[in-house]
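# Structural overview for review
The chain contents come next:
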Amino acid sequence: MFGFFQISLGKTTSLKTEKTDHVCEELVFDTIFKSNSKTVFNYIYYKFGNEEKAHDAVQEAFLKLWENCAKVAPEKAKAYVYTVANNLYLNVLKAEKVRLKYADKTLKTTHESPEFIMEENEFKEKLDRALNSLPENQRSTFLLNRIDGKKYAEIAEMEGVSIKAIEKRMHLALKALREQIDGI
Amino acid sequence: MQENYLAKWLNNELTEEELSEFKKSEEYASYQRILQVTGTLEPPDYDMEEALRAIKNKQTLHSKKVVQLHPFKKFLRIAAAIAVIITASYFYLNTLDEHYTTQYAENEQIELPDTSTVLLNADSELSYSDGKWDEERNVKLKGEAFFKVAKGKKFTVDTKAGTIAVLGTQFNVVYRKDFFEVTCFEGLVSVTFDGNETKLPAGTSFMAISGKIVESAAPNTTQPSWVNHESSFKSVPLRFVIDEFERQHNISVETKNVDTDQLFTGTFSNTDKNLALKSIAAPSQIKYTLEGGKVLFYGDKKP
């Protein structure tokens, strides 16, 4: 009995020392969650414009990660949750209008003429429409880069495509936005 | 301009010349403004702590189900099933009788729980209840058997034709189709046949053919002859002799123009087929042929 106890004790300690960065460790899991869940949420929201589905995607993706924590290496965890979240609505969800708020801080500090403010609001409406008319993957890529400040390489990893493909999306998205706003 | 130059521009990867060229273009101001306004956009509110709490709740529910409850439940379920099977089979096997059967041309010696022995002749069945043996010494018999009963309480042999009760003795019982015979070799045997009890002292026998009691000659041996691999008959209709021959030699017999009711007295070997055939045919004044594992007895004169 005593010998058995010792053996099992030794096993757990060795596990802890060898695999401190295992996803099944709660601290590791929490860290992965905190640094990625908001991006997962935004990513799905930018694509489909549905907040509820974005919340569900976060839950689903991280629960799957927890269930398979023994099989997913920590460095693969990030790509794993984006893949799960993305696959969740593959071909199922139709994109709705993406509604984004505009931070007021820039306007408050500037004392612009009413004409300028009107023109500014008009521009925002055009931008909204232009963003909504972009293809899903161009929109999500563009907004992840411009709002969340994600590097092309990071977005490429999330989407499982090459950096060059992300550059192409960025280029096409910006080009399409300008063309629509300038009315070309 | 290089490929995807807008993306390169956003990443500050344009060369000096490309950048100055791009800045001179008329779209440049529009691009600048798009980026500036896009930078003020904000996604919907997202409460990370709340989302993490929701996941933790589901996790605990989940892990409880999988890690703790399930394996133990499964183990218990299997253990319970095994316990039920063992208990049930224990009670079932206890109620089952011990059962012995012999085929044609086969004898078997059986030791009963009280050291009484039974020699079972060919094509016979014997059964008794091991569990109830201490309450009553009772065996059921179909066919022929020789009993050496150890002294003790009443020992009974049940056949469909009648019941034999003894205290401690040696006796032989034959219960075949239409043929019932009890021979006592030692002690006293009580035979109940058709509701009438007959006491058989040593050296006497009781015989009933087709439900009728027939006078029978007393044996002059201490054991039935079949124990010594011979079958003996005294004034027994020939058809029972032929039946016994079939049983002992595992061979099928046909008769033609033979009076099988004629009485036969004699002995045949249970080991030597040809000798046995001669032993049966000669005293009955009939002939026989042995072909392809079949025996035909025939009379040469019309009956």
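Residues numbered from 1 in each chain as written. Chains lettered and ligands numbered in written order. Predicted model: local features only at pLDDT ≥ 70, side-chain atom pairs only at ≥ 80, totals over all residues. Heavy atoms only, no water.

## Description of the overall build of chain A
To keep things clear, this is the line we draw: Strands are runs of DSSP state E lasting at least two residues, helices are runs of H or I lasting at least four, and both sets are numbered from the N terminus onward. Burial classification: accessible surface area is computed with a 1.4 Å probe over protein chains only, and a residue below 20% of its type maximum counts as buried, one above 50% as exposed, and the rest as partly exposed. The contact definition used throughout considers only heavy atoms, calling two residues in contact when any of these lie within 4.5 Å. Computed by Shrake-Rupley with a 1.4 Å probe, the accessible areas treat only the displayed protein chains as cover when residues are assessed.
Secondary structure summary: chain A contains 9 helices and 1 strand in total. Overall, chain A shows an N-to-C arrangement of helices and strands of α-α-α-α-β-α-α-α-α-α. Sorting the 184 residues of chain A into buried and exposed places 41% on the buried side. Considering only residue pairs separated by 6 or more positions, chain A has 68% of its internal contacts joining residues 24 or more positions apart. Accessible area of chain A: about 10,500 Å², with a carbon and sulfur share of 56%.

## Structural notes on the interface of chain B and chain A
We apply this condition: By buried area we mean how much accessible surface two parts lose on assembly, using a 1.4 Å probe and totalling the loss over both. Salt bridges, as used here, are contacts in which a Lys or Arg side-chain nitrogen is within 4 Å of a carboxyl oxygen on Asp or Glu. Three categories are distinguished: nonpolar for Ala, Val, Leu, Ile, Met, Phe, Trp, Tyr, Cys and Pro, charged for Asp, Glu, Lys and Arg, and polar for the others, with Gly belonging to the last.
Taken together, the contact pairs 35 residues of chain B with 47 residues of chain A. Overall, the association of chain B and chain A removes approximately 4,100 Å² of surface from exposure, summing both partners, and the carbon and sulfur fraction of that is 64%. Together, R33, L41 and Y46 of chain B form the three largest contributors to the area buried by chain B at its contact with chain A, with a combined 16%. For the interface between chain B and chain A, the tally reads 6 salt bridges. Among the salt bridges present, the one from R33 of chain B reaches E119 of chain A, with a minimum N-O distance of 2.8 Å. For the side of chain B that touches chain A, the secondary-structure elements that each account for two or more residues are α1 (5-10), α3 (28-38), β1 (41-42) and α4 (48-95) of chain B. With 10 residues, α4 of chain B is the largest single contributor of residues to the side of chain B that touches chain A. Class assignment of the residues belonging to the side of chain B that touches chain A gives a composition of 18 nonpolar, 7 polar and 10 charged.

## Topic: the sheet that holds strand β16 (residues 252-256) of chain B
Residues and elements named next belong to chain B. The following threshold applies: Strands qualify as paired when DSSP identifies two bridges or more between them. To obtain an axis, a line is fitted to C-alpha atoms, over the contacting stretch when the element is a helix, and the angle between two such axes runs from 0 to 180 degrees between their N-to-C directions.
Judged by pairing direction, the sheet is mixed, and its 3 strands sit side by side in the order β16-β19-β18 without closing on themselves. Bordering the open sheet on either side are β16 and β18 (287-291), each of which pairs with just one other strand. Mean inter-strand twist for the sheet, computed between neighbouring axes without regard to direction, equals 20°. Judged from the 5 bridges that link them, β18 and strand β19 (residues 294-298) form a sheet pairing that is antiparallel. The residue of β19 that forms the bridge with E291 is K294. Sheet strands in contact with helix α5 (residues 238-249) are β16 and β19, and its direction is about 150° off that of β16.

## Quick notes on the environment of F268 of chain B
Residue and element names in this part refer to chain B. Its place among the elements puts F268 in strand β17 (residues 263-269). With a relative accessible area of 1%, F268 lands in the buried category. For the pair formed by F268 and S225, sequence separation is 43 residues and the distance between their alpha carbons is 9.6 Å. Contact partners of F268, with chain neighbours within four places excluded, come to E230, S231, F233, V241, E244, F245, Q248, H249, A276, S279 and I280.

## Considering the packing of aromatic side chains
Heads up, the condition is: Note on ring pairs: Phe, Tyr and Trp rings are taken, using the six-membered ring of Trp, and paired if centres are within 6.5 Å. Classes follow the plane angle, with under 30 degrees stacked, over 60 edge-to-face and the rest tilted. Our definition puts a charge over a ring when NZ of Lys or CZ of Arg is within 6 Å of the ring centre and also within 35 degrees of the ring normal.
Using the criterion set out here, one finds 27 aromatic pairs over all chains in the structure. Every member of this aromatic cluster is reached through a ring pair, and the members are Y100, Y128, W133, F147, F155 and F171 of chain B. Looking at R33 of chain B, its charged tip hangs above the ring of F123 of chain A, at a distance of 4.3 Å from the centre.

## Quick look at the nonpolar core
Basically, it comes down to this: Throughout, nonpolar core names a set of buried Ala, Val, Leu, Ile, Met, Phe, Trp, Tyr and Cys residues whose side chains join them through atoms within 4.5 Å.
Counting 66 residues, the largest nonpolar core has F62, L65, L127, L131, F142 and L174 of chain A together with W9 of chain B as the members making the most contacts within it. Take this core: its biggest share by element is 11 residues, from helix α2 (residues 26-48) of chain A. Residues within four places of L127 of chain A in sequence aside, it is in contact with Y102, L177 and I181 of chain A together with I34, V37, T38 and L41 of chain B. In this structure, L112, L126, V157 and A208 of chain B belong to the second largest nonpolar core, which totals 27 residues.

## Overview of the pattern of salt bridges
Taken as a whole, this structure holds 22 salt bridges over all chains when the rule is applied. Between D30 of chain A and K56 of chain B there is a salt bridge, with the nearest N and O atoms lying 2.7 Å from each other. Separated into two different chains, D30 of chain A in helix α2 and K56 of chain B in helix α4 make up a pair that spans both. In terms of burial, D30 of chain A and K56 of chain B fall into one category: buried. Among the ionic pairs, E179 of chain A bridges to K175 of chain A, the shortest N-O distance being 3.7 Å.

## A look at the pairing of strand β13 (residues 204-209) of chain B
Residues and elements named next belong to chain B. Counting buried positions along β13 gives 5 out of 6 residues, so the element sits mostly inside the fold. Two elements, strand β10 (residues 179-186) and β13, share 6 bridges in a ladder whose sense is antiparallel. Paired with F180 across the strands is A208, a residue of β13. Note that β13 and strand β14 (residues 212-214) share 3 bridges and pair antiparallel.

## Quick look at the confidence of the model for chain B
All names here are of chain B. Under the convention used in this document: Confidence of the predictor at the level of single residues is given by pLDDT, which spans 0 to 100.
Confidence along chain B averages 83 in pLDDT terms, with 94% of residues attaining 70 or more. The secondary-structure element of chain B with the lowest mean pLDDT is α4, recorded at 77, while α1 shows the highest, at 90. Taken over the whole predicted complex, pTM reads 0.47, whereas the ipTM for its chain interfaces reads 0.77.

## What about α5 of chain B?
All names here are of chain B. Heads up, the rule is: Helix span is expected to be 1.5 Å times the residue number reduced by one.
For α5, spanning 12 residues, the distance from its first C-alpha to its last is 16 Å, which sits close to the expected 16 Å at 1.5 Å a residue. The element α5 is largely enclosed, with a buried count of 10 among its 12 residues. Looking at α5, one finds that the buried residues are L238, F240, V241, I242, E244, F245, E246, R247, Q248 and H249. N250 sits one or two residues past α5 and shows a positive phi near 50°.

## Digging into the state of the cysteines
All names here are of chain A. This is how the line gets drawn: Any two cysteine sulfur atoms within 2.5 Å of one another count as a disulfide.
If you walk through the whole model with that rule in mind, you get 1 disulfide over all chains. Here C24 engages in a disulfide with C69; their sulfurs sit 1.9 Å apart. Between C24 and C69, the S-S torsion sits near 95°, and that sign places the bridge as right-handed. With a gap of 45 residues between them, C24 in the loop between α1 (2-18) and α2 and C69 in the loop between α3 (51-67) and α4 (74-88) connect regions that are remote in the sequence. Classification of C24 as partly exposed rests on a relative accessible area of 27%. Classification of C69 as buried rests on a relative accessible area of 8%.

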